[in-house]
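Observations on the model geometry
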Amino acid sequence: EAQVTQNPRYLITVTGKKLTVTCSQNMNHEYMSWYRQDPGLGLRQIYYSMNVEVTDKGDVPEGYKVSRKEKRNFPLILESPSPNQTSLYFCASRTAHRGLGTEAFFGQGTRLTVV
Amino acid sequence: DAKTTQPTSMDCAEGRAANLPCNHSTISGNEYVYWYRQIHSQGPQYIIHGLKNNETNEMASLIITEDRKSSTLILPHATLRDTAVYYCIVRVNYGGSQGNLIFGKGTKLSVKP
């Protein structure tokens, strides 16, 4: 079954304590991305990756890092989380090629609370 | 900024067709119209996409006007489980930043018994 898997689903942490949210896809997709969703602000893109070792900033990259060492994994790293990073996070993947099957698949989300 | 305009909310009676409009007057010739929905706080789910011809799949139909400046997503027989926020997005159908999904506010569809 085609899947994008995020872990953890829920996380409460303290300010300044480094954390990583993992994202893995089993569809051999080249393109992966991270979004955050906040009330009234909608879904905003944090980072995206066109392929292994190729990453780029989205609309709200401040305070986040990503890496793409393997095609299937795209972890989101918060080196020093702050309360304003409390949000619902989604990972997504899709093919980067033209043609059919270009829809994006999303993970089930990670609800992060930073206190 | 999102390149689409959608009504903030709509209601639909269960079993009736839900018609969700979207304006995209600045759409480029190589951009497709994509529809996604988000049920409560789940991950967005792909529904359908099209370039200029009308499209239909097991979930919905997509009607695109001849000038491509607007489109309508049709859920033929809405159920309570179709209550969600529906997003209309225009993008190219391949990789690159032009292919990023940029979400607007969407339309909150409420299906009522």
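Here, the structure is the one placed above.
Small disclaimer: the values here were computed from a predicted structure and weren't measured. (Residues numbered from 1 in each chain as written. Chains lettered and ligands numbered in written order. Predicted model: local features only at pLDDT ≥ 70, side-chain atom pairs only at ≥ 80, totals over all residues. Heavy atoms only, no water.)

Glancing now at the overall build of chain B. Check the secondary structure of chain B and you find 0 helices and 9 strands. Written out in order from the N terminus, the α and β elements of chain B read β-β-β-β-β-β-β-β-β. Relative to the compact-globule value of 13 Å for 113 residues, chain B shows a C-alpha radius of gyration of 13 Å, a close match. A principal-axis box enclosing the C-alpha atoms of chain B has dimensions of 40 × 30 × 25 Å. Burial analysis of chain B (113 residues in total) assigns 50% to the buried set. For chain B, long-range pairs separated by at least 24 residues make up 56% of all intrachain contacts whose partners lie at least 6 apart in sequence. As displayed, chain B offers around 5,600 Å² of accessible surface, 48% of which is attributable to carbon and sulfur atoms. Each charge class in chain B can be summarised by its mean position, and for the 11 positive and 9 negative side chains these summaries are 4 Å apart. (Helix = DSSP H or I, 4+ residues; strand = E, 2+ residues; numbered from the N terminus. Rg over C-alpha atoms; globule rule 2.2 N^0.38 Å. Buried < 20%, exposed > 50% of the residue type's maximum accessible area, 1.4 Å probe, protein only. Contact = heavy atoms within 4.5 Å. Areas by Shrake-Rupley, 256 points an atom, 1.4 Å probe, with all protein chains shown as cover. Lys, Arg positive; Asp, Glu negative; His and termini not counted. Charge placed at Lys NZ, Arg CZ, Asp CG, Glu CD.)

Of the residues lining the interface, 22 residues belong to chain B; the matching set on chain A comes to 24 residues. For the pair chain B and chain A, the summed buried surface comes to about 1,800 Å²; carbon and sulfur atoms form 48% of the total. The interface formed by chain B and chain A holds 0 salt bridges in total. Inspection of the region where chain B meets chain A yields 6 residue pairs in polar contact (both at pLDDT 80 or more). With 3 residues, the single largest contributor to the side of chain B that touches chain A is strand S3 (residues 32-38) of chain B. (Buried area = accessible area lost by both parts, 1.4 Å probe. Salt bridge = Lys/Arg side-chain N within 4 Å of Asp/Glu carboxyl O. Polar contact = N/O pair within 3.5 Å; in protein donor to acceptor, adjacent residues only side chain to side chain.)

Moving on, we get to the sheet that holds strand S7 (residues 70-75) of chain B. The strands making up a sheet are joined through hydrogen bonds of the backbone, oriented either antiparallel or parallel. All names here are of chain B. The antiparallel open sheet is built from 4 strands, whose spatial order is S2-S7-S6-S5. The outermost strands of the open sheet, each flanked by one partner alone, are strand S2 (18-23) and strand S5 (55-56). Here S5 runs beside strand S6 (residues 61-64); their pairing, made up of 2 bridges, is antiparallel. Bridge assignment links Thr56 to a residue of S6, and that residue is Ser61. (Pairing = 2+ DSSP bridges.)

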